[in-house]
4 protein chains.
Amino acid sequence: MEIYVLAFNGSPRKDGNTAKLLDYAIKGAKYEGARTKIIHLYDYNIKPCTGCLCEDIMKCKYPCTVEDDDMKQIYDEIIKAHAIIIATPIYWYNVSGPTKNLIDRMTVFENMIYTDGKCPTEGKVAGVIAAGNDSGCIAVISNLYATLNSMGFAIPPWALAYKNTMRLIEEEKNRILDAANVGRAVTTMAKLLKNGPDYWFDSKLITKIGDKENAKIS
Amino acid sequence: MEIYVLAFNGSPRKDGNTAKLLDYAIKGAKYEGARTKIIHLYDYNIKPCTGCLCEDIMKCKYPCTVEDDDMKQIYDEIIKAHAIIIATPIYWYNVSGPTKNLIDRMTVFENMIYTDGKCPTEGKVAGVIAAGNDSGCIAVISNLYATLNSMGFAIPPWALAYKNTMRLIEEEKNRILDAANVGRAVTTMAKLLKNGPDYWFDSKLITKIGDKENAKIS
Amino acid sequence: MEIYVLAFNGSPRKDGNTAKLLDYAIKGAKYEGARTKIIHLYDYNIKPCTGCLCEDIMKCKYPCTVEDDDMKQIYDEIIKAHAIIIATPIYWYNVSGPTKNLIDRMTVFENMIYTDGKCPTEGKVAGVIAAGNDSGCIAVISNLYATLNSMGFAIPPWALAYKNTMRLIEEEKNRILDAANVGRAVTTMAKLLKNGPDYWFDSKLITKIGDKENAKIS
Amino acid sequence: MEIYVLAFNGSPRKDGNTAKLLDYAIKGAKYEGARTKIIHLYDYNIKPCTGCLCEDIMKCKYPCTVEDDDMKQIYDEIIKAHAIIIATPIYWYNVSGPTKNLIDRMTVFENMIYTDGKCPTEGKVAGVIAAGNDSGCIAVISNLYATLNSMGFAIPPWALAYKNTMRLIEEEKNRILDAANVGRAVTTMAKLLKNGPDYWFDSKLITKIGDKENAKIS
């Protein structure tokens, strides 16, 4: 079965360093046989999350209460994807605003643990690219790793690539290699996870372990 | 083949919240058939990293230039392990000092990419537990995720558990469930990765992609 | 002279936990005699940063190349303010999307070091509030501290307040106290900094120190 | 009155990049008239924090329950200092192990809010330097800012300097300038804060505000 790798470019520029590194990740994914697609987030209207789950946790689920924007089609691509790659420019040691809106709106998937007993992003795979001229790349990547993993994404070895100097990306051949390997790694991992368990989070696990006292979840 | 899950308790207390959550992770790992071992870091003499790779990158490799401490036996357990779980108390939004020394000394494995062309921790699996009475858990977990992944560890879905309130851990049944699932997830992932590739990072990938111009790594 | 404290509510809700904590910060600021204003970011149209400084560093300056949104009036308030307080809900261990757009668009001030030799936010004061039901508060605050300080803001002692449990904010009296003290602290600091130096970053300092070799900045 | 700036070198090397940047910070502090001292942490025996406050919050106070190491003399220097500068090498996107032990052991000061009603580090000033050959500098600085501010330290504008490339520090003249300005800024801020309030955190503030309902702290 073909692996589908969905890539997000969170930069306003389609030929900038973020996009260039992402292109290499796409090449790495294709080399492993993946079908790929790039979504340039600045081309889409993605409204900010309205945090409605604070008032009613059952309201926050795909396809989201926010209407009249382009998120629905992005949601549908994520559902189809076996792996995603989020590439963002580094803006103040953090993702770009549109990348943040994407992340926040993806809450609908994670919250379906509560509304539907199953999170649609569980067991998918993720990699991350962060590009800037100076510092902050690891701060970005760390945040995205914790976030994506909390949404149920697996992270394959060395799923990160970044640019953190003033040098041209063309001079940073090791970074290009890292980026290509991000694409290869998420594809490789996605293949392996097809043989994975039906669910990665077992809500009955305490009972199964035989710990009667703690089996009843609060 | 049996999966070996190696767990680190970075807390000075063997019956505190960190250790209790780690015990549940161990139960989750055992439920999936893993062999397990807990190393209480405060029982070991782990000297700090001396950063010798700054002067000579070829010096930093297993079993480390630092001598006369207990790290050698920990290295040997890590080499044997298919998965590790790092559990740490939250000290100032960060790991404990002995946990930091463990992490820093694990540089020998990562740096063997340069000295030996292969990192011994590549393709192993990692999960993280952070326990405190207040804030900082995600700051700890984010740092450990980025670190462990940069050492070649894969991170399975929902590989994190934490405690971040004043409540007794016994009252935090969801946190106990999370911790048990960390043990289950790393074991499950380790089984899947046995069928993984020979290497996760392909240093020839740019050449293979056919990008002659960038194939020569700086 | 009166101190002007400008507060941002980055939450979609005007009566949620973020807003409630911010209200206490405002009370603390007023107690110290400050004039205050709250800007609810979700009421404003703030377009994302387009990163134009990557192509021409001289383009990024107040009032920004992005047009036809509401940022101009926010810029003008920031210029007038002696202190700002950024209050954000915790969305994925991070600020909300609109808060991120605010931060990214504030680049125009920081970048005026390069375009005008002086950053308008230098020597102003900042405090931070982050509200959620669970984890991530310190991750948010750490990012904002590093960001705001890199824009030239001073951070007074204990300039942080957060909510990180499911409990009602009304039950979290220590958090309310923390928030009130954020308002007090930024006001108190702003008073002291009126007697501060003309510039906090001295671009001639290496020369003044007498280090002729390193005086010429690259 | 003379300002005393206490600087910590968290690197094992006394002539490495961390130390070199710190030397420039010292020069900047001296230029503003400060008395200075550098403590090389690797020369001191600093045992890890034992987290005893988890069992009895009243036990954690200066001079610490941990005995027979060199921390007592460091505590005494911190008490005398008006400002501190923490310089650390970047080890895995984080401080070095000995720097972490220093931070963890400084908990005695912060916890005296509870034991003595007053934190000895309140109203002191802090700056941070992080040196490495690649990424992680902002992750380190962000953690230290949140930590030090939570201990009551004020952070002056641009109190950060770092090195994050393979280039020699001698070629990074802007980084040298940044470091010198860290020393200048903490000294300048320390002078201003001498006219500061008796206490920065007002535990009676809710009562003073007139909020009777919330005045009673839990």
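Quick note: structure is the one above.
About the criteria used
Residues numbered from 1 in each chain as written. Chains lettered and ligands numbered in written order. Predicted model: local features only at pLDDT ≥ 70, side-chain atom pairs only at ≥ 80, totals over all residues. Heavy atoms only, no water. Helix = DSSP H or I, 4+ residues; strand = E, 2+ residues; numbered from the N terminus. Rg over C-alpha atoms; globule rule 2.2 N^0.38 Å. Buried < 20%, exposed > 50% of the residue type's maximum accessible area, 1.4 Å probe, protein only. Lys, Arg positive; Asp, Glu negative; His and termini not counted. Charge placed at Lys NZ, Arg CZ, Asp CG, Glu CD. Pairing = 2+ DSSP bridges. Axes fitted to C-alpha atoms, helices over the stretch in contact; angles between N-to-C directions. Contact = heavy atoms within 4.5 Å. Salt bridge = Lys/Arg side-chain N within 4 Å of Asp/Glu carboxyl O. Phe/Tyr/Trp six-rings, centres within 6.5 Å; stacked < 30°, edge-to-face > 60°. Buried area = accessible area lost by both parts, 1.4 Å probe. Polar contact = N/O pair within 3.5 Å; in protein donor to acceptor, adjacent residues only side chain to side chain. 1 Å grid on protein atoms, 1.4 Å probe; cavity = no way out; pocket = protein on both sides within 12 Å on 5 of 7 lines; lining within 4 Å. Points joined across faces, edges and corners; volume = space filled by probe spheres on them. Nonpolar A, V, L, I, M, F, W, Y, C, P; charged D, E, K, R; others polar. Least-squares fit on C-alpha atoms with pLDDT ≥ 70 in both.

*Asks:* Quick rundown of the overall build of chain A? Include the residues and the values.
*Replies:* Broken down by element type, chain A carries seven helices and five strands. Its helices and strands taken in sequence order, chain A reads β-α-β-α-β-α-α-β-α-β-α-α from the N to the C terminus. Its C-alpha atoms give chain A a radius of gyration of 18 Å, near enough to 17 Å, the size a compact globule of 218 residues would have. Seen through its C-alpha atoms, chain A measures out along the principal axes to roughly 60 × 35 × 35 Å. In chain A, buried positions account for 66% of the 218 residues. One way to put it: in chain A the 27 positive side-chain charges average out to a point 4 Å from where the 26 negative ones average out.

*Asks:* Outline the sheet that holds strand 5 (residues 160–164) of chain D, supporting the account with residue identities and numerical values.
*Replies:* Within a sheet, neighbouring strands are paired by backbone hydrogen bonds and run either parallel or antiparallel to one another. Residues and elements named next belong to chain D. Spatial ordering of the open sheet is given by 2-1-3-4-5, a layout of five strands whose pairing is parallel. Both edges of this open sheet fall to strand 2 (35–40) and strand 5, since each of them pairs with a single strand only. Mean inter-strand twist for the sheet, computed between neighbouring axes without regard to direction, equals 15°. Along the sheet, helix 6 (residues 173–193) makes contact with strand 1 (4–9), strand 3 (83–89), strand 4 (125–132) and strand 5, crossing strand 4 at roughly 165°.

*Asks:* I'd like a rundown of the pattern of salt bridges, residues and numbers included.
*Replies:* What the rule picks out here adds up to 64 salt bridges over all chains. A salt bridge links D69(D) to R105(D), with the shortest nitrogen-to-oxygen separation between them at 2.7 Å. With a gap of 36 residues between them, D69(D) in the loop between strand 2 and helix 2 (71–80) and R105(D) in helix 3 (residues 97–105) connect regions that are remote in the sequence. A relative accessible area of 1% means that R105(D) is categorised as buried. A cluster of three or more residues bridged by salt bridges with shared partners is formed by E32(A), R184(A) and K191(A).

*Asks:* Tell me what's going on with the packing of aromatic side chains, and back it up with residues and numbers.
*Replies:* Across all of its chains, the model carries 20 aromatic pairs over all chains by this definition. Between Y62(D) and F109(D) the ring centres are 6.2 Å apart and the planes differ by 20°, which places this aromatic pair in the stacked class. Here Y62(D) is found in the loop between strand 2 and helix 2, whereas its partner F109(D) is found in helix 4 (residues 107–115), with 47 residues between them in sequence. Here the aromatic cluster, defined as three or more aromatic residues joined through ring pairs, consists of Y62(A), Y75(A) and F109(A).

*Asks:* If you had to explain helix 3 (residues 97–105) of chain C to someone new, which residues and values would you point to?
*Replies:* Side chains three or four residues apart in an α-helix point the same way, a direct result of the helix having 3.6 residues per turn. A large share of helix 3 of chain C lies buried, amounting to nine of its nine residues. Buried within helix 3 of chain C are the following residues: G97(C), P98(C), T99(C), K100(C), N101(C), L102(C), I103(C), D104(C) and R105(C). Buried residues in helix 3 of chain C make contact with helix 3 (97–105) of chain A together with strand 1 (4–9), helix 2 (71–80), strand 3 (83–89), helix 4 (107–116) and helix 5 (137–150) of chain C.

*Asks:* An account of the interface of chain C and chain D is requested, with residue identities and associated values reported.
*Replies:* Contacts between chain C and chain D engage 57 residues on the former and 58 residues on the latter. Interface of chain C and chain D: buried area, both sides summed, is about 5000 Å²; carbon and sulfur atoms make up 68% of it. The largest contributions to the chain C side of the interface with chain D come from W158(C), K173(C) and W200(C), which together make up 17% of the buried area. The tally of links between chain C and chain D comes to zero salt bridges. Applying the counting rule to chain C against chain D returns 23 residue pairs in polar contact (both at pLDDT 80 or more). Residue assignment for the side of chain C that touches chain D shows that the elements contributing at least two residues are helix 1 (17–31), helix 5, helix 6 (173–193) and helix 7 (205–209) of chain C. Element by element, the count of residues in the side of chain C that touches chain D is highest for helix 6 of chain C, at 13 residues.

*Asks:* Which residues make up empty space enclosed by the protein, and what are the values?
*Replies:* Inspection of the entire model under this criterion finds five cavities of 30 Å³ or more. In this structure, the largest cavity encloses a volume near 430 Å³. Lining of the largest cavity is provided by 29 residues; of these, A139(A), A139(C), S142(C), A139(D) and S142(D) occupy positions nearest its centre. For the lining of the largest cavity, the secondary structure elements donating two or more residues are helix 5 (137–150) of chain A, helix 5 (137–150) of chain B, helix 5 of chain C together with helix 5 (137–150) of chain D. In terms of residue class, the lining of the largest cavity is built from 17 nonpolar, twelve polar and no charged. Here the second largest cavity is characterised by a volume of approximately 100 Å³. Along the walls of the second largest cavity sit 15 residues, with C49(B), C52(B), C60(B), C64(B) and V108(B) positioned nearest its centre. Sorting the residues of the lining of the second largest cavity by element identifies helix 3 (97–105) and helix 4 (107–116) of chain B as the ones contributing at least two each.

*Asks:* Could you give an account of the relation of the copies chain A and chain B, naming the residues involved and the relevant values?
*Replies:* Superposition record for chain A on chain B: RMSD 0.0 Å, screw rotation 180°, translation along axis 0.0 Å. The superposition of one copy onto the other is thereby described by a two-fold rotation axis. Same-surface contact between copies: 98% of interface residues of chain A are shared with the interface of chain B.

*Asks:* Explain the sheet that holds strand 4 (residues 125–132) of chain B to me, and be specific about the residues and the numbers.
*Replies:* All names here are of chain B. Strand order in the open sheet formed by five strands is 2-1-3-4-5, and the pairing between neighbours is parallel. Two strands lie at the open edges of the sheet, namely strand 2 (35–40) and strand 5 (160–164), each paired on one side alone. Strand-to-strand twist in this sheet, taken as the mean axis angle between neighbours without regard to direction, amounts to 15°. In the sheet, strand 3 (residues 83–89) pairs with strand 4 via seven bridges, with the strands oriented parallel. Within the sheet, the bridge partner assigned to I84 lies in strand 4 and is A126.

Structural measurements only, silent on function.
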